[in-house]
Amino acid sequence: RGTVLKFGGIFGNDPSVVTARGRKINLHDGQQAIWVDTADMKKARTDCDFVWLPDGRVCAVGGSTSPERPQLKGTAVLEPEYYNPEQNVWTLIPFGMTKTRMYHSTAQLLPDGSVLTAGGDYLEVGDPELKPEFNGQIFYPDYLMIDSLRPVITSTKPAQVMQYNNMLTIDTNPNDIVAKVTLLGLGSTTHSYDMNQRFIRMTINQQSPGEIIVYTPKNPGIAPPGYYMLFVIGPDGIPSMAKYMKIG
């Protein structure tokens, strides 16, 4: 709660070095709030995108090993990787993208739990003309590869607008087993920064077959007013399709 994560980029003491370093700060620590190290990424990268996933992991997409812009095509980092904040562990995904996603690229979480990555530009060796990527690709995280049924949000009460410091009732299929409920801010990425992205694990108050009652965020400091994606997550990590909800 209240934790900001920061990964990669150009090393502060040497602008010629791209780093895999990770850091975090908990803004709820008041005057004691300081940046502390996390585990390093498996790949050093800059001008990449980081996307919160419904299960609470972070997915690193794209980037380059070059601090110079525009970047040469051969410096692209093609392999995504996951960060698990609870275990402080990075996992490299062995299959890479077929397109470069470097400076001016974007990545967004989609309602089905997949990640859209698109855009970017690069240079070829010996060619001064900038090559834009007028295309997109969709990455399917490992939880979408599990041979199991998704849990389903059939309805919510209230239907679309949540109030702060209140209750939200989520109706599911009676046979669904729900391990956690998460709320994710809609992405708004530019130049590798997404200031609207936010992950909130909602506290379950009551749970019975087909119904879950959760506490809504207490105040705008936790969830600024706006639209979010609501997910229920099964015990095997598979997310439901998102339901769009507004708060505030």
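Refer to the structure printed above.
All chains use their own residue numbering, which begins from 1 and follows the written sequence. Only residues with pLDDT of at least 70 are given local features in this predicted model, and only at 80 or more are side-chain atom pairs given and counted; all residues enter the totals for whole chains, interfaces and linings. The side-chain quantities take in all heavy atoms of the structure and omit both hydrogens and water.

*Asks:* Before we go on, may I ask you to explain the sheet that holds strand 13 (residues 153-157) in this structure?
*Replies:* In a beta sheet, neighbouring strands are held together by backbone hydrogen bonds and run either parallel or antiparallel to one another. The four strands lie next to each other as 13-15-21-20, forming an open sheet whose pairing is antiparallel. Only two strands of the sheet have a single partner each, and these edge strands are strand 13 and strand 20 (204-208). Geometrically, the sheet is characterised by an average inter-axis angle of 15 degrees between neighbouring strands, direction not taken into account. With four bridges connecting them, strand 20 and strand 21 (residues 211-215) associate as antiparallel partners. The residue of strand 21 that forms the bridge with Gln206 is Ile213. For two strands to be treated as a pair, DSSP must find at least two bridges joining them. Strands are runs of DSSP state E lasting at least 2 residues, helices are runs of H or I lasting at least 4, and numbering of each runs from the N terminus. Note on geometry: axes are lines fitted to C-alpha atoms, helical ones only across the stretch in contact, with angles between N-to-C directions running from 0 to 180 degrees.

*Asks:* Please explain the nonpolar core as it appears in this structure.
*Replies:* Side chains of nonpolar character tend, in soluble globular proteins, to be buried together. Only buried residues count toward a nonpolar core, which is a set of Ala, Val, Leu, Ile, Met, Phe, Trp, Tyr and Cys residues joined through side-chain atoms within 4.5 Å. In this scheme, a residue with accessible area under 20% of its type's maximum is buried, one over 50% is exposed, and one in between is partly exposed, where area comes from a 1.4 Å probe on protein chains only. One finds Met41, Phe50, Leu53, Trp90, Leu109, Val115 and Phe231 to be the most contacted residues of the largest nonpolar core, which totals 27 residues. At the level of secondary structure, the elements contributing two or more residues to this core comprise strand 4 (49-52), strand 5 (58-61), strand 6 (81-84), strand 8 (105-109) and strand 22 (226-233). Examining the composition of this core, we find that four residues originate from one element, strand 5, more than from any other. In what follows, residue pairs with any heavy atoms lying within 4.5 Å of each other are defined as contacts. Apart from residues lying up to four places away in sequence, Met41 is in contact with Phe7, Gly8, Thr19, Ala20, Phe50, Ala60, Glu81 and Trp90. Grouped together as the second largest cluster of nonpolar side chains are 18 residues, Leu168, Val178, Met202 and Ile247 included.

*Asks:* Can you help me understand the sheet that holds strand 3 (residues 36-37) in this one?
*Replies:* Across the sheet, three strands lie side by side as 1-2-3; this open sheet has antiparallel pairing. Each edge of the sheet is formed by a strand with only one pairing partner; in this case those strands are strand 1 (3-7) and strand 3. Both strand 1 and strand 2 (residues 22-26) contribute to a ladder of five bridges, which runs antiparallel. Pairing of Phe7 across the sheet is with Gly22, part of strand 2.

*Asks:* Help me understand the environment of Gly185 in this model?
*Replies:* Within the fold, Gly185 resides in strand 16 (residues 180-185). Using a relative accessible area of 9% as the deciding quantity, one classes Gly185 as buried. Each C-alpha atom of the pair Gly185 and Asn196 lies 6.2 Å from the other, and the pair is 11 residues apart in sequence. In contact with Gly185, not counting residues within four places along its chain, are Asn196, Gln197, Arg198, Tyr227 and Tyr228.

*Asks:* Help me understand the side chain of Ser240, please; the structure alone is not making it clear to me.
*Replies:* With respect to the helices and strands, the residue Ser240 is situated in the loop between strand 22 and strand 23 (243-247). Taking the relative accessible area as the measure of exposure, Ser240 reaches 0% and is therefore buried.

*Asks:* Can you help me understand the pattern of salt bridges in this one?
*Replies:* For side chains bearing opposite charge, pairing can occur when the charged atoms are close. Only one rule defines a salt bridge in this text: a Lys or Arg side-chain nitrogen within 4 Å of an Asp or Glu carboxyl oxygen. Within the structure shown, the criterion is met by 10 salt bridges. Across the salt bridge formed by Asp37 and Arg23, the nearest N and O atoms sit 3.3 Å from each other. Of this pair, Asp37 sits in strand 3 while Arg23 sits in strand 2; the two residues are 14 residues apart in sequence, bridging distant segments of the chain.

*Asks:* What exactly am I supposed to notice about the pairing of strand 6 here?
*Replies:* In the case of a regular strand, side chains alternate between the two sheet surfaces. Of the two faces of strand 6, the one lined by Glu81 and Tyr83 and the one lined by Tyr82 and Asn84 are each fully buried. Inspection of the sheet shows strand 5 paired to strand 6 by three bridges, in the antiparallel sense. Paired with Val58 across the two strands is Tyr83, which belongs to strand 6. Judged from the four bridges that link them, strand 6 and strand 7 (residues 89-92) form a sheet pairing that is antiparallel. Paired with Glu81 across the two strands is Leu92, which belongs to strand 7.

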